[in-house]
Amino acid sequence: PAQLLDGPLVIRMAFYLMRPKSLPKRELFHLHKPDWKNLAAGTEDALKGIVVVDDRCFVLACVTKEFGPPGVEIRISRAQVADDPCEFPVGACDG
C-alpha cells in the first residue's frame, strides 16, 4: 500500500500446506507441525513495516491451516464494532 495500515485491524490468514503422500485421504485436517499460532505470528511479524505500522494493530484474527498447494492468503480489513470473534461461523475466513 502507498501508506502503512494502522489499527484497529482484522486479519484473516489461510495457510496451505502440502498433504504428505503417506497420509490417508480420510485425514481432512492438517494436525501436524507447524501449528497455526507459529504460522500466524511469523506472518504478522513479516507484515510489520511493509503493510502495517506494527502487528499490535491486529485486534482480531481468523486463521486456518489446510491442505493445498503451499502458500498463504492474507486479508486485512478495518475492525468494526460488530466484529466479534465468538461470532465467527465456520468458513468466516472465506469472506
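Residues numbered from 1 in each chain as written. Predicted model: local features only at pLDDT ≥ 70, side-chain atom pairs only at ≥ 80, totals over all residues. Heavy atoms only, no water.

1. Notes on the pairing of strand 2 (residues 58-67)
The side chains of a regular strand alternate between both faces of the sheet.
Then, in step 1: Sheet topology places strand 1 (residues 9-17) next to strand 2; 9 bridges connect them, and they run parallel. Considered in strand 2, the bridge of Arg12 is made with Cys62.
Then, in step 2: Running through helix 1 (residues 36-47), the crossover from strand 1 to the neighbouring parallel element strand 2 is right-handed. (Pairing = 2+ DSSP bridges. Helix = DSSP H or I, 4+ residues; strand = E, 2+ residues; numbered from the N terminus. Right-handed = clockwise from strand over helix to strand, strands pointing away.)

2. Some words on the nonpolar core
Then, in step 1: Among the nonpolar cores identified, the biggest contains 12 residues, and these are Leu9, Ile11, Met13, Phe15, Leu17, Leu39, Ala40, Leu47, Val51, Val52, Cys57 and Phe58.
Then, in step 2: Contributions of two or more residues to this core are made by strand 1 and helix 1.
Then, in step 3: If sequence neighbours within four positions are ignored, Leu9 has contacts with Val52, Cys57, Phe58, Val59, Leu60, Ile76, Ser77, Arg78 and Ala79. (Core = buried A, V, L, I, M, F, W, Y, C linked by side-chain atoms within 4.5 Å. Buried < 20%, exposed > 50% of the residue type's maximum accessible area, 1.4 Å probe, protein only. Contact = heavy atoms within 4.5 Å.)

3. Quick notes on helix 1
Then, in step 1: The end-to-end C-alpha distance of helix 1 is 17 Å, a good match for the 16 Å that 12 residues give at a rise of 1.5 Å each.
Then, in step 2: Within helix 1, burial applies to Leu39, Ala40, Thr43, Glu44 and Leu47. Angular distribution of buried residues about the axis of helix 1 spans 125 degrees; they occupy a single face of the element.
Then, in step 3: Where helix 1 is buried, its residues touch strand 1, strand 2 and strand 3 (71-78). (Expected span 1.5 Å × (residues − 1). Arc of directions from axis to C-beta.)

4. Quick word on the pattern of salt bridges
Then, in step 1: This model, assessed by the stated rule, comprises 2 salt bridges.
Then, in step 2: One salt bridge in this structure joins Lys48 and Asp54, with 3.2 Å as the shortest N-O distance.
Then, in step 3: Classification of Lys48 as partly exposed rests on a relative accessible area of 44%.
Then, in step 4: Of the charged contacts in the structure, one is a salt bridge between Arg75 and Glu73, with a shortest N-O distance of 2.5 Å.
Then, in step 5: On the accessibility criterion, Arg75 (32% relative accessible area) is partly exposed. (Salt bridge = Lys/Arg side-chain N within 4 Å of Asp/Glu carboxyl O.)

Any link to function would need more than the numbers given here.
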